[in-house]
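Descriptive analysis of the structure
Below, each chain spelled out in residue letters.
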Amino acid sequence: MTRARYAANRRFTAPAGDGGSLFYFVLALIVIDTVWLYARAAAYASFAPEGEVGANRLGVLIDLFSFGILIVLLALTMKHVYRRHWSSLLGDPGRLLPDFARVFTSCLALYLLVIFIGWDAGQLETRALSSWLAFLPIALLGILIQTGAEELLYRGFVHQYCTALLKRPLYW
């Protein structure tokens, strides 16, 4: 990795400062994950029939939107433990949209290539187009919440604090 890339990484991880204590970082991860898993289980028990999580539309939506709990837990941890705003986990706001556009364009090109090559969707259950289109907006919102939560946790929180605490890029 070039020095310029390390410099970009230093700018990204700068809000984490010196990282504080490794003990508190690990403890924060354990608490966030434990509370999130119990909250997800409660959401499943409250809203999804037994065995239906991920098996039908409602189950998929419950699963995707349950990641919103993770975002709230991260925001609370950042505010009350680390005294910074959760949005600092996203990096430089000026780079956010250009980087998103670059990745989105790459993924779209890959998707179109897979379609062009021909993907056998014979094992997929087909639905009426109107039914699929009615479900699409809420599913896309759920996917945005799910992927956003993972980005905030792993690329933001874990990466920034591991870089600040460990001082060496060996875990990359």
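Below or above, wherever it landed, is the structure these notes cover. (Residues numbered from 1 in each chain as written. Predicted model: local features only at pLDDT ≥ 70, side-chain atom pairs only at ≥ 80, totals over all residues. Heavy atoms only, no water.)

1. Details of the overall build of the chain
The helix and strand tally for the chain stands at six helices and zero strands. Going from N to C terminus, the chain has its helices and strands arranged as α-α-α-α-α-α. Out of the 172 residues belonging to the chain, those deemed buried represent 27%. Long-range contacts, defined as pairs at least 24 residues apart, comprise 80% of the intrachain contacts of the chain with a sequence gap of at least 6. Carbon together with sulfur atoms contributes 68% to the accessible area of the chain, which is approximately 12,000 Å² in total. (Helix = DSSP H or I, 4+ residues; strand = E, 2+ residues; numbered from the N terminus. Buried < 20%, exposed > 50% of the residue type's maximum accessible area, 1.4 Å probe, protein only. Contact = heavy atoms within 4.5 Å. Areas by Shrake-Rupley, 256 points an atom, 1.4 Å probe, with all protein chains shown as cover.)

2. With respect to the packing of helix 2 (residues 22–47) against helix 4 (residues 67–80)
At a minimum axis separation of 9 Å, helix 2 and helix 4 run at an interaxial angle of 150°. Once helix 2 is placed against helix 4, the crossing between them reads as right-handed. Two secondary-structure elements touch here, helix 2 through Ala28, Ile32, Val35, Trp36, Ala39 and Arg40 and helix 4 through Phe67, Ile69, Leu70, Leu73, Leu74 and Thr77. Taken together, the residues of the contact of helix 2 with helix 4 break down into ten nonpolar, one polar and one charged. (Axes fitted to C-alpha atoms, helices over the stretch in contact; angles between N-to-C directions. Left-handed = near helix turned anticlockwise from the far one by under 90°. Nonpolar A, V, L, I, M, F, W, Y, C, P; charged D, E, K, R; others polar.)

3. So, the nonpolar core
Within soluble globular proteins, side chains that are nonpolar generally end up buried alongside one another. Grouped together as the largest cluster of nonpolar side chains are 22 residues, with contacts concentrated most on Phe25, Leu70, Leu74, Tyr82, Phe157 and Tyr161. At the level of elements, helix 2, helix 4 and helix 6 (129–166) are the ones that each hand at least two residues to this core. Tallying contributions element by element places helix 6 first for this core, with ten residues. Among residues more than four places away in sequence, those in contact with Leu70 are Ile32, Trp36, Ala149 and Leu153. (Core = buried A, V, L, I, M, F, W, Y, C linked by side-chain atoms within 4.5 Å.)

4. Thoughts on the layout of surface pockets
The space that makes up the largest pocket amounts to roughly 1,900 Å³. In terms of lining, the largest pocket is formed by 42 residues, of which the most central are Asp99, Phe100, Val103, Phe104 and Glu151. When contributions to the lining of the largest pocket are tallied by element, the ones reaching two or more residues are helix 1 (3–13), helix 3 (57–65), helix 5 (93–117) and helix 6. For the lining of the largest pocket, the element with the most residues is helix 6, which contributes 14 residues. For the lining of the largest pocket, the class distribution of residues is 27 nonpolar, five polar and ten charged. (1 Å grid on protein atoms, 1.4 Å probe; cavity = no way out; pocket = protein on both sides within 12 Å on 5 of 7 lines; lining within 4 Å. Points joined across faces, edges and corners; volume = space filled by probe spheres on them.)

5. Remarks on the packing of aromatic side chains
To describe a pair of aromatic rings, you give the distance between the ring centres and the angle between the ring planes. If you walk through the whole model with that rule in mind, you get eight aromatic pairs. Judged by centre distance (6.1 Å) and plane angle (20°), the ring pair of Phe100 and Phe104 falls under stacked. Taken together, the positions of Phe100 and Phe104, both in helix 5 and four residues apart, correspond to about one turn of that helix. Of the residues examined, Phe100 reaches a relative accessible area of 52% and is grouped as exposed. Note on Phe104: relative accessible area 47%, which makes it partly exposed. (Phe/Tyr/Trp six-rings, centres within 6.5 Å; stacked < 30°, edge-to-face > 60°.)

6. What about the environment of Val35?
With respect to the element layout, Val35 can be found in helix 2. By relative accessible area, which is 40% here, Val35 ends up partly exposed. Considered as a pair, Val35 and Leu73 are 38 residues apart in the sequence and their alpha carbons are 8.2 Å apart.

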